[in-house]
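# Residue-level structural notes
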Amino acid sequence: MDDEHDEEAHAYPNSDDSGDRPSHKKKHKKKKKSKHLSVEDAIEKKLREKKKKEEAAAAAEDALAAKIRAKQQQAAGAAAGLTTPESEEEKVEEGLSVSEDDSDEPNYAKSTSTGVHMAATAPPSAAQNRAAASGAATAVPLFTSGGGDVRNRPPPGSSSNPDPLRAAQAAEEERKKNAKKVNDRFADLHQTGQWGGLSKWEIYGLCFLALAAVGVAIGLGVKFANDAKTEAPTGPPTKSPTNSPSLSPTPMPTNDSYRVTTGLDVLRNAGPALALRVNSPEELVGASSDPNATPQEIAAEFVLYDDRLQIPARDPRFVERYALVVFYYSNGGCSGDWIDSTNWMTETMDHCQWYGVVCDLQGRVTELAMEGNYVTGNLLMELSQLQEMSTLDLSNNRMDGTVPLEALNISSLFSLRLGNNEFSGDFPFDKLLDGAPLLNNLWIQENSMLTGEITDAYCGLFSITLDCDNFEPQPTYTNDGDMTTFEAQCIQDKGIKPTEYTCNTDVGVPVTRPPSTTPTNNCGTPLPA
């Protein structure tokens with residue numbers, strides 16, 4: 001109402017209150033116009049106030065950003081160990097007072113971070129406002145974002161809880177200080193497990209050293225093994241046992257006394273009981289020059305004393321070598337009757353290199369092929385010691401006597417060839433397959449004095465050749481000439497027959513004897529048949 005009055009007074013300055021004013025109608029129009037102007041002024045005033053508030057809010061935001069930057073700088077300085085002196089005058093309140101309008105209404109200070117309004121006792125002056133705005137970027141706020149007063153905080157470094165960043169930095173420095181120094185070449189080995197720092201030639205050198213170490217180890221192992229084999233003899237065995245066993249007993253004595261003693265026992269079991277007529281090995285010494293010695297005794301002297309190979313008595317090759325030496329002295333080799341006796345009785349040469357002797361990789365005799373070599377004498381019992389022999393070929397020679405079953409008890413015998421000799425007596429058909437179960441080839445033809453009765457156990461053999469007139473049943477051909485009577489009987493009794501069966505009617509042709517030679521040593525006196 002005062003405003004309307006003022007406007008009327010301004011419109012009619014010369015009129016007084018008594019009678020100079022316009023009429024009521026005019027007065028109403030003026031009031032209406034004045035009222036319209038008053039609304040526009042109010043709107044404009046409101047806009048000005050709103051603009052002022054926006055400017056004040058922008059200024060407050062700028063001040064707040066400056067405070068945040070100052071707080072970050074202060075924190076960075078504290079982390080670096082720097083201190084910023086503060087005075088009571090620099091510690092201003094965080095909220096700045098913002099005047100709401102230009103009127104005479106009281107001003108209020110607003111805290112932008114906490115929202116707590118504090119009444120100002122007096123409105124700040126323009127200079128004070130400018131000073132507060134300019135110092136907002138550098139002033140240290142009195143209150144944190146959580147409402148705490150920074151003035152209550154202890155100075156940096158005096159807190160009971162140390163700065164985590166500084167503690168981590170100190171721990172890292174301590175770890176680096178105490179860390180073990182590592183060679184740069186092997187840094188990759190500690191970090192990645194690989195020797196990336198080594199050069200190509202250094203790696204080659206390490207590989208060479210490793211291979212050299214392996215080679216040295218293998219060489220030492222071979223040397224120690226050979227040394228173990230060539231240890232000095234332990235001496236003759238004692239007659240009575242020791243009080244306590246040794247810690248590491250040897251598998252067997254290695255001296256010559258044990259070898260000849262054990263060897264003599266082995267040789268006794270290899271031939272007839274009367275072949276070795278001695279009670280001790282020492283009695284064999286000189287048998288090669290004794291005219292009354294048997295071929296077995298001369299052979300025993302050779303393998304026990306004269307043989308340079310010195311094969312151990314328990315080695316199977318020991319008794320096989322003995323059997324071949326007996327064959328040499330008993331069947332014409334010693335007397336010079338053989339057409340070919342290459343390498344026989346060579347003291348330093350293995351018997352596998354003697355003429356007609358074939359061995360396997362282990363040195364065991366697998367074949368004795370003396371066909372057409374003018375072998376004489378009897379079939380010896382010692383041949384049964386050649387248990388790995390699969391072929392015994394003594395055909396086309398001048399051997400005589402009976403065919404003893406003991407000489408043919410050879411488990412591996414596959415082929416037996418005794419044709420064109422002068423054997424006599426009954427051939428042991430009934431017992432032969434018991435001692436030689438693998439026999440599959442039997443050639444005994446052209447032995448005019450050899451007889452026997454062949455059994456149906458031989459119907460399954462691969463090849464059989466014998467004389468037509470000497471064996472029972474008579475193996476003559478049948479009337480149609482297709483098969484022999486033996487084959488017909490096999491078909492009737494077993495349903496099978498030999499794959500090859502020959503009924504021989506030829507007469508053997510004697511082998512031409514080579515020029516007589518004088519033996520260089522005593523061949524011994526063979527045992528009576």
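Residues numbered from 1 in each chain as written. Predicted model: local features only at pLDDT ≥ 70, side-chain atom pairs only at ≥ 80, totals over all residues. Heavy atoms only, no water.

The name that an unreviewed UniProt entry assigns to the chain is Leucine-rich repeat-containing N-terminal plant-type domain-containing protein, with the source organism given as Cyclotella cryptica.

Scanning the entire structure with this criterion turns up 4 disulfides. In this model, C334 is linked to C523 through a disulfide, with the two sulfur atoms separated by 1.9 Å. On the S-S bond that ties C334 to C523, the torsion sits near -90°, and the link is left-handed. Of the two residues, C334 sits in the loop between helix 9 (316-330) and strand 4 (357-359) while C523 sits in the segment after strand 15 (500-504), which places them 189 residues apart along the sequence. As far as the burial class goes, C334 and C523 line up, both buried. One disulfide bridge connects C468 with C503, the sulfur atoms lying 1.6 Å from each other. Of this pair, C468 sits in the loop between strand 13 (463-467) and strand 14 (471-472) while C503 sits in strand 15, and the two are 35 residues apart along the sequence. C468 gets classed as buried once you look at its relative accessible area, which sits at 4%. Given the relative accessible area of 9%, C503 is considered buried. Each bonded cysteine in the chain gets a number by its place in the sequence, and the pairs come out as 1-8, 2-3, 4-6, 5-7. (Disulfide = S-S within 2.5 Å. Helix = DSSP H or I, 4+ residues; strand = E, 2+ residues; numbered from the N terminus. Buried < 20%, exposed > 50% of the residue type's maximum accessible area, 1.4 Å probe, protein only.)

Another point: the packing of helix 8 (residues 295-306) against helix 9. Where helix 8 contacts helix 9, the two axes come as close as 9 Å, and the packing angle between them is 135°. Judged on the interaxial angle alone, helix 9 and helix 8 are oblique. Considering only the axes of helix 8 and helix 9, their crossing is right-handed. Contacts from P295, Q296, I298, A299, A300, F302, V303 and L304 in helix 8 reach F318, R321, Y322, V325, V326, Y329 and S330 in helix 9. (Axes fitted to C-alpha atoms, helices over the stretch in contact; angles between N-to-C directions. Parallel < 35°, antiparallel > 145°, perpendicular 65-115°, else oblique. Left-handed = near helix turned anticlockwise from the far one by under 90°. Contact = heavy atoms within 4.5 Å.)

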